[in-house]
Amino acid sequence: MAIRTTGPSGQCDNEPGAAEAALPELLAPAGGLDQMLAAIAAGADAIYAGLGGFNARVSAHGFTDDEFARGCVVAHAHGVRVYVTLNVFVFDDELADAVALGAHAQELGADALIVADAGLACALRAAIPGVEIHLSTQAGVHSEGAVRLAADELGVERVTTARELAVDEIAALCATGVPIEVFCHGAICIGYSGACEFSALRRGRSAMRGDCTQPCRLAYDLVDEAGESVVSVEGDRLLCPRDYLGIAHLPELVGAGVASLKIEGRMKNPDYVFNVVRVWRRALDMLRDGAWDAAAVSALERELGRSFNRGFTDAYLRGRSGAELMSFERAINQGVRVGHLVTVGHEEVTVELDAAVAAGDTLEIRFYPGADARPDVPKRWPQVPCPVDAAAGERVVVHCKRKVDAGCEVYLIRSAGVLGQTATALGHMRVEADAVVPVAGAVEILPFEAAMTVGDVPEAALTEPPEKGASDRMVFAWRLMDADPRGELDLSDAVVVLDEVCRAADASRTRSLMRRAGRVVCRNLGQVAMARELGVAFDVAAPVFCANRVTLAWLRGLGAGCVYVPAELVAHDAERVAELSACPGVLGPVDAGRPELMVCEHCLLTAEGACATDATGQVRCRDCSRRQQGRFLVERDGTRLPVVIDACGRTRIFLS
């Protein structure tokens, strides 16, 4: 494969030949100035960072204005672009401040803004001439239709897709011609981004506002209707996925035409950013230089394992989402395997290495009681310092006071080498940053009221009552997978609430429902595009998230009738959305009777054991007997949350 380099925006510097592919932008996270400098030193092409409170990692350390401005100057001197995340959903009384923050970010040196809220995107576009906007993964883009709608109707220059997509789906999105950004490395939310109200409805803190409590990392049990546990896997982190590792698929992603490879981690330390970015930079350079092979991939993966990870998975990229995706046992750093114990003595053990270690590394010994051990014997994971440098194949003696056995695996969970190399690189970069005297530019902000009519959306869209629905009978599409498997039911008197997810495999079923329904409720931008194409009457509901009147005007301008506000706004922000709720056609949550906490591609029932397969070895979720039985996810306080698995194998968790 011939590889072309890209310019600073991720666009190609030269026209491709038939067999050429562009080298994508490498996009790194930065939760503060040190992380930003580490990313630059490691070879990032672009950096994304939060500035102020309107971002999906509000607890990240963040930047002072001076730090951010100096960081931008250094970045630009190295040919690195800087993007600022404004990727939360905002209320009417916040829009002016969010627009002002976007303008301020540009004055300090930001090159583009990452946005999830359609209303905020409209307001920014109207108020800041020439602003570059990227659509966040929080907007829930899963399909070609959603990509085109975002580009055509919101005017975004780039779209970040859902993590759940397989390589062939990503390729189809790239074929639209809209620059596509995909995650390539780091933590995964088990729920579809933008479609999770778990933290908001159970903990009072909203993921959609950047304040997620990470319920997916907690311990749970899964029980049947009698309250008996049905879990057969080792561990109780039933919603905790491993970390995303796409490096083995790099040639496929480049061949697909991806514009940007995004590394997760705005809450991570500088050493994580430095190590992960430099390994991915090396991988891209190897691919460019024709030095890519299986052995190289293995070495790169080991290097990535030296930074924080919960274990790695490429399941989504392969179109899989079963138990192999999950880190059932632990939600903390798993490190990388470096050897095993060969002898155990008094307060010391001997480790035979299959990978190099260094003095000062932190090693973790993983002890599991044998089958004949007493029930009260616990698992142990003692962490011990490595006393010397040693190469693969050597043996080292390590001090360990805890009871362990020969044969235990040993993992490196903290690399002294990575920390030292990061410190050296940061020392050089800080000298450069300290020498900078930033000069803020001036960004013109047009009157904010202009945003209310952006994109030829008339002011009347906020006041004219919508067309009435065809019926009061409301049915949910995921239930129809079992009730109407062949698509034969007459739904002309029904309002069909479509699924939150709209991927390529869902398109045929969704079109059938749209053609047969009296009206549909779209819950994904791809469905909105499809409804407009088919000319069917539609409303919208979360995860098409509406928290302000500019978003409402945009949705009504697209042709939406009623707009249902999300359950979490009613539960926690009723006063703030009162003005929005007073608009004609704005209704309460579409799932008010049974609020949904989360939808995820992973089937939670895989915690009960391997899936049954048919004669050809294929898993047939529709025929799964487990799905027909009642299941509840049990929190530590005893709260039971109903679980439903649909015929596609997707999990839905509901408020009890």
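Below you will find a few notes about this structure. Here the residue index of a chain counts from 1 through its sequence in written order. In keeping with the model being predicted, local features are shown solely for residues with a pLDDT of at least 70 and side-chain atom pairs are shown and tallied solely at 80 or more, while totals for entire chains, interfaces and linings include all residues. Side-chain figures throughout are based on the complete set of non-hydrogen atoms in the structure, without hydrogens or water.

## A word on the overall build of the chain
Then, in step 1: The way it works is that DSSP assigns letters per residue, a run of H or I at least four long becomes a helix, a run of E at least two long becomes a strand, and they are numbered from the N terminus. Scanning the chain for helices and strands turns up 17 helices and 29 strands.
Then, in step 2: This radius of gyration counts C-alpha atoms alone. The globule rule is 2.2 Å times how many residues there are, raised to the power 0.38. What you see for the chain is a C-alpha radius of gyration of 26 Å, in line with the 26 Å of a compact globule of 656 residues.
Then, in step 3: For the chain, the spread of C-alpha atoms along the principal axes amounts to about 80 × 65 × 50 Å.
Then, in step 4: Here the chain, with 656 residues, has 57% of them falling under the buried criterion.
Then, in step 5: Only heavy atoms enter the contact rule, under which two residues are in contact if any of them lie within 4.5 Å. Considering only contacts in the chain between residues 6 or more positions apart, those separated by 24 or more positions represent 68%.
Then, in step 6: Taking the average place of the 64 positive charges on the side chains of the chain and the average place of its 89 negative ones, the gap between the two points comes to 5 Å. Using a 1.4 Å probe on the protein chains alone, a residue whose accessible area is under 20% of its type maximum counts as buried, one over 50% counts as exposed, and one in between counts as partly exposed. Charged residues are defined narrowly, with Lys and Arg counted positive, Asp and Glu counted negative, and His plus the chain ends left uncounted. Where a charge lies is defined by one atom per residue type, namely NZ (Lys), CZ (Arg), CG (Asp) and CD (Glu).

## Let's talk about the side chain of Glu94
Then, in step 1: Counting through the fold element by element, Glu94 comes out in helix 3 (residues 92–108).
Then, in step 2: Look past the residues within four positions of Glu94 in its chain and what remains in contact with it is Phe54, Phe89, Arg209 and Arg576.

## A closer look at the sheet that holds strand 29 (residues 651–654)
Then, in step 1: Reading across from one edge, 10-27-28-29-26 is the order of the five strands in this open sheet, with antiparallel pairing throughout. The open sheet terminates on both sides in strands that have one partner only, identified here as strand 10 (221–223) and strand 26 (596–600). Across the sheet, the mean angle separating the axes of adjacent strands is 25 degrees when strand polarity is ignored.
Then, in step 2: Strands pair, by our definition, only if DSSP identifies at least two bridges between them. The pairing of strand 26 with strand 29 spans four bridges and is classified as antiparallel. Paired with Val599 across the strands is Arg652, a residue of strand 29. In this analysis an axis means a line fitted to C-alpha atoms, helices contributing only their contacting stretch, and an angle means the value between N-to-C directions, from 0 to 180 degrees.

## Regarding helix 4 (residues 118–127)
It helps to recall that an α-helix has 3.6 residues per turn; residues three or four apart then point in one direction.
Then, in step 1: The element helix 4 is largely enclosed, with a buried count of nine among its ten residues.
Then, in step 2: Taken together, the buried positions of helix 4 are occupied by Ala118, Gly119, Leu120, Ala121, Cys122, Ala123, Leu124, Ala126 and Ala127.
Then, in step 3: Next to the buried residues of helix 4 lie strand 5 (81–86), helix 3, strand 6 (112–115), strand 7 (133–135), helix 5 (144–154) and helix 15 (549–558).
Then, in step 4: The N-cap residue of helix 4 is Asp117: its side-chain oxygen and the backbone nitrogen of Gly119 are 2.7 Å apart. Pairs of N or O atoms within 3.5 Å make up the polar contacts considered here, provided that, within protein, one atom can donate a hydrogen while the other can accept it, and that residues adjacent in sequence are counted only when both atoms are side-chain atoms.

## Section: the environment of Gly526
Then, in step 1: Along the polypeptide, Gly526 turns up in helix 14 (residues 525–534).
Then, in step 2: Each C-alpha atom of the pair Gly526 and Gly102 lies 27 Å from the other, and the pair is 424 residues apart in sequence.
Then, in step 3: Leaving out residues up to four positions away in the same chain, Gly526 has contacts with Ser143, Gly145, Ala146 and Cys502.

## Some details on the nonpolar core
Then, in step 1: We define the nonpolar core as a collection of buried residues of types Ala, Val, Leu, Ile, Met, Phe, Trp, Tyr and Cys that are connected through side-chain atoms lying within 4.5 Å of one another. The biggest cluster of nonpolar side chains holds 162 residues, and the ones touching the most others in it are Phe68, Trp280 and Val496.
Then, in step 2: Counting residues per element, this core draws most heavily on helix 9 (residues 270–288), which supplies eleven residues.
Then, in step 3: If near-sequence neighbours (up to four positions away) are discounted, Trp280 is found in contact with Leu26, Cys184, His185, Gly246, Ile247, Leu250, Leu261, Ile263 and Leu304.
Then, in step 4: If you look at the next biggest cluster of nonpolar residues, it comprises 21 residues, including Val338, Phe367, Val384 and Leu412.

## Points about the packing of aromatic side chains
Then, in step 1: Stacked, edge-to-face and tilted are the three classes for Phe, Tyr and Trp ring pairs, Trp counted by its six-membered ring, which pair at centre distances within 6.5 Å; planes under 30 degrees apart are stacked, over 60 edge-to-face, the rest tilted. Throughout the structure, instances matching the rule amount to five aromatic pairs.
Then, in step 2: Their ring planes at 35 degrees and their centres at 5.9 Å tell us that Trp478 and Phe654 sit as a pair that is tilted. Note that Trp478 is positioned in helix 12 (residues 477–483) and Phe654 in strand 29, a separation of 176 residues in sequence.
Then, in step 3: Residue classification places Trp478 among the buried residues on the basis of a relative accessible area of 8%.
Then, in step 4: Judged by its relative accessible area of 4%, Phe654 falls in the buried class.

## Here we look at the environment of Ala541
Then, in step 1: For Ala541, the location among the structural elements is in the loop between strand 23 (538–540) and helix 15.
Then, in step 2: Judged by relative accessible area, Ala541 falls into the buried class, the value being 0%.
Then, in step 3: Taking the C-alpha atoms as reference, Ala541 lies 44 Å from Ala77; in sequence the two are 464 residues apart.

## Focus: the sheet that holds strand 15 (residues 348–353)
Then, in step 1: Across the sheet, which stays open at both edges, the six strands sit in the order 17-16-19-14-15-18 with antiparallel pairing between neighbours. Both outer strands of the open sheet, strand 17 (383–385) and strand 18 (395–399), are each paired with one neighbouring strand and no more. Averaged over all pairs of adjacent strands, the angle between their axes in this sheet comes to 40 degrees, without regard to strand direction.
Then, in step 2: Across six bridges, the pairing between strand 14 (residues 336–345) and strand 15 is antiparallel. In the strand pairing of strand 15, Thr343 is matched with Thr350.

## Brief notes about helix 1 (residues 33–42)
Then, in step 1: Burial analysis of helix 1 places eight of its ten residues in the buried class, the great majority of the element.
Then, in step 2: Of all the positions in helix 1, only Leu33, Gln35, Met36, Leu37, Ala38, Ala39, Ile40 and Ala42 are classed as buried.
Then, in step 3: Where helix 1 is buried, its residues touch strand 3 (25–30), strand 4 (46–50), helix 2 (65–77), strand 5, helix 9 and helix 11 (416–434).
Then, in step 4: Just downstream of helix 1, Gly43 is the residue with a positive phi angle, here 105 degrees.

## A look at the packing of helix 3 against helix 4
Then, in step 1: Taken N-terminus to C-terminus, the directions of helix 3 and helix 4 make an angle of 55 degrees; their axes are 10 Å apart at the nearest point. Taken as axis vectors, helix 3 and helix 4 run oblique relative to one another. For the element pair helix 3 and helix 4, the recorded crossing hand is right-handed. Contacts from Leu95, Ala98, Val99 and Gly102 of helix 3 reach helix 4 at Gly119, Leu120, Ala123, Leu124 and Ala127. Should an angle fall under 35 degrees it is called roughly parallel, over 145 degrees roughly antiparallel, and 65 to 115 degrees roughly perpendicular, with every other angle called oblique. By definition, turning the near helix anticlockwise from the far helix through less than a right angle yields a left-handed crossing, and turning it clockwise yields a right-handed one.

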